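# Secondary and tertiary structure notes
In case you want the letters, here they are:
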Amino acid sequence: MAVPPIQGSVPVTESPVVISKSASYLEDKKASINSSADSLSSDETRPLKVNPFANPHVAAKWKKVYDDCEYECRHAFDPTLEWTEEEEKRVIRKVDWRVCLWACTMFFALQVDRNNLTQVISDNFLDDLHMNTNDYNIGNTIFLVAFFFAELPSQLISKKLGPDRWVPAQICLWSIVASLQCLISGRGSFFATRAILGVLEGGFIPDVVLWLSYFYTSRELPIRLSYFWTTLSLTGVVTSLLAFALLHLRGVAGWAGWRWLFLIEGIITFTIGVASFFMMPASAVQTKTWFRPNGWFTDREVAIVVNRVLRDDPSKGDMNNRQAITPSILWTCLKDYDLWPLYLIGFLAYIPQAPPSKYITLILKGTGFDTFTTNLLTIPYNVFHIITLLLLTRLSDWAGERTLVSSLQNLWIFPTLLALRWWPGTVHDAWGTYALITVLLSYPYCHAIVVAWVSRNSNSVGTRGVSAAVYNMAVQAGNIAANFIYRDDDKPLYHRGNSALFAINIVAIAAFILTKVYYVWRNKQREKVWNAMSENEQNDYIENTNDVGSRRLDFRFAH
């Protein structure tokens, strides 16, 4: 059975990569991929190295695609290139240190300015500005709505200008606003800064994910995204320690501690933004510049970086990194209903833990802990969160399973929400409440798996850029909904709110199961049609079809 060029993967083996120019692409695929109807994807079937460009016709087709769109790495494309496992490992290590590490650093900058409200509300922020819990909820909602509506426009700008230009500009702009929060004087200025920050920060995550996809294969991306999202928890640890120090500045120059926190953390973020202009190359072939004359890679390493990514997914070169997404491409991406189950997961899966995460400092203060102890008590769950996130992502990679492994997040949350709602000691037992919330917020975060899953099932650069933004919009829509669950008239026990969270968590678990069923069914559908075609028809389809992305008959959805 013929299998698509877009499904070719290049897993690492002990031997050098040996590619035969005359080898039959279709026969190679037969040898390496299980063609059962419910097979997940070739990136989960790893026994052999497969070069989709071993077929000269396929190589010629994709070379024309790369030339026509002026793909920035087209000059490094080499269907016959060979490299060893050790060379590939060395290149990956270099990419990790240069690309992944800086992506994590930039995400740190986002999280510092996005989540420092959790610290400032423990320092009488609401009382100083004559606001209450509902005002706090409205401010968070304004931020999330602005963030939501900025996602797709930001992604379109990034695709036109390039993430290497737009992302550093974003960081610098939002850091200035974040610093100016030190001048907030009441509800109006609080709401205004929340709106501006949402507009400027929206789209940052899909922009960076798209940039990372230029350097990593579909198997490697989830692991790197798990490192990316461990930054979320690591930032929580760092900012808790920073808050412990900065909030002690209350009274210096007549300012509250939270004003100093906004100012100093904004300056830190601005520094990262400026540095990002120098640390984000547009692609693997564009690391040499006036301030980095030798670049990051040798010529051979450049060729390895480019060709290993293209052999994993040839569609990663079907647009150049300064090519805008047209209205036609945008509409095609938005109506791709096969990605809608993943958007539904994005909307539902992160609601149950959102209110406890945002209210943990208020809840702990309500049980009797002081401001400084409260901030220090948030550190343990952030540490555990890092560990469970990495373990979950590794489990997904090891098992070759996305849906069921990802659902472990909400299965973890299930008993803790049950206890938070119906345990009589909630709030009344200070340390018991703290232990319960710590276990809840130590959940294994599946976001890295699902983001890479969306990227994998998009199967083209244009779709990938839009789908990443739409998925993140779904996540933000869930966060907006979560802001209305804990209400001022429901505190301090939040019985009504926790009942709602418990119910939503059950629906989220069901969404994971139904998504698995849907993708298995869709793959069986396509397998039936594909197997009904002759080998010549399959070859003709692969070389001449106008179907793109996940619309291709020879594409199989990962699940």
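In this report, the structure presented in the accompanying data block is examined. In this text, all values refer to a predicted model and were calculated from it rather than measured experimentally. Numbering of residues begins from 1 in every chain and follows the order in which that chain's sequence is written. Whole-chain, interface and lining totals are the exception, using all residues; otherwise, since this is a predicted model, local features are given only for residues with pLDDT of at least 70 and side-chain atom pairs are given and counted only at 80 or more. Excluding hydrogens and water, the side-chain values take into account all heavy atoms of the structure.

## Examining a nonpolar patch on the surface
- Here a patch means residues that are over 30% exposed by relative accessible area and free of salt bridges, tied together within 9 Å if like-charged and within 5 Å if nonpolar (Val, Leu, Ile, Met, Phe, Trp, Tyr). For accessible areas, the Shrake-Rupley method is used with a probe of radius 1.4 Å. Any residue's cover is judged against the shown protein chains and nothing else. Every case where a carboxyl oxygen of Asp or Glu lies within 4 Å of a side-chain nitrogen of Lys or Arg is listed as a salt bridge. A surface patch of nonpolar side chains, amounting to about 910 Å² of accessible area, comprises Ile-176, Leu-180, Leu-183, Phe-270, Val-274, Phe-277, Phe-278, Trp-290 and Phe-291.
- By definition, any uninterrupted DSSP run of H or I lasting at least four residues is a helix, any uninterrupted run of E lasting at least two residues is a strand, and each is numbered from the N terminus. Elements with a contribution of two residues or more to the nonpolar patch: helix 7 (163-180) and helix 11 (257-279).
- Among the elements that make up the nonpolar patch, the one with the highest residue count is helix 11 (four residues).
- For Phe-291, the location among the structural elements is in the loop between helix 11 and helix 12 (299-312).
- Since its relative accessible area comes to 32%, Phe-291 is described here as partly exposed. Burial classes follow relative accessibility: with a 1.4 Å probe on protein chains only, a residue under 20% of its type's maximum area counts as buried, one over 50% as exposed, and anything between as partly exposed.

## What about the packing of helix 10 (residues 220-246) against helix 21 (residues 447-458)?
- Angles here are taken between N-to-C directions and fall from 0 to 180 degrees, while the axes themselves are lines fitted to C-alpha atoms, restricted in helices to the stretch in contact. Following both chains from N to C, one finds helix 10 and helix 21 inclined at 140°, their axes separated by 8 Å at the closest point. What the angle tells us is that helix 10 and helix 21 run oblique. Between helix 10 and helix 21 lies a crossing whose hand is right-handed. Touching Leu-221, Pro-222, Leu-225, Ser-226 and Trp-229 of helix 10 are His-447, Ala-448, Val-451, Ala-452 and Ser-455, all from helix 21. In these notes the angle categories are as follows: under 35 degrees is roughly parallel, over 145 is roughly antiparallel, 65 to 115 is roughly perpendicular, and the rest is oblique. Each crossing gets its handedness from the near helix: less than a right angle anticlockwise from the far helix is left-handed, clockwise is right-handed. Residue contacts follow a heavy-atom distance rule, with two residues in contact if any of their heavy atoms lie within 4.5 Å.

## Considering empty space enclosed by the protein
- Throughout, the protein atoms alone are placed on a 1 Å grid, and a set of points is a cavity if a 1.4 Å probe fits but cannot get out or a pocket if it is open with protein on both sides within 12 Å along at least five of seven lines; lining residues have an atom within 4 Å of a point. Grid points are joined across faces, edges and corners, and a volume is the space filled by probe spheres set on the points. Here the structure, examined in full by the defined rule, presents nine cavities of 30 Å³ or more.
- Space inside the largest cavity adds up to approximately 810 Å³.
- Taken together, 38 residues line the largest cavity, and the ones lying closest to its centre are Gln-111, Asn-115, Leu-232, Ser-357 and Lys-358.
- Where the lining of the largest cavity is concerned, the elements lending two or more residues are helix 3 (85-115), helix 4 (117-120), helix 6 (133-161), helix 10, helix 15 (354-366), helix 17 (379-399) and helix 22 (461-482).
- If one sorts the elements of the lining of the largest cavity by residue count, helix 10 sits on top with six residues.
- In the lining of the largest cavity, the residues fall into 15 nonpolar, 20 polar and three charged. When residue character is reported, Ala, Val, Leu, Ile, Met, Phe, Trp, Tyr, Cys and Pro are called nonpolar, Asp, Glu, Lys and Arg charged, and the others, Gly included, polar.

## Comments concerning the pattern of salt bridges
- Taken as a whole and judged by the stated rule, the model has 23 salt bridges.
- One salt bridge connects Asp-96 with Arg-224, and the closest N-O pair in it is separated by 3.0 Å. Of this pair, Asp-96 sits in helix 3 while Arg-224 sits in helix 10; the two residues are 128 residues apart in sequence, bridging distant segments of the chain.
- Arg-187 is the salt-bridge partner of Asp-135, the closest N and O atoms lying 2.9 Å from each other. One end of the pair, Asp-135, is in helix 6; the other, Arg-187, is in helix 8 (residues 187-201), and 52 residues separate them in sequence.
- With a relative accessible area of 9%, Asp-135 lands in the buried category.
- In this structure Arg-187 comes out as partly exposed when scored by relative accessible area, which is 38%.
- Connected via shared salt-bridge partners are Asp-336, Asp-338, Arg-522, Arg-526 and Arg-551.

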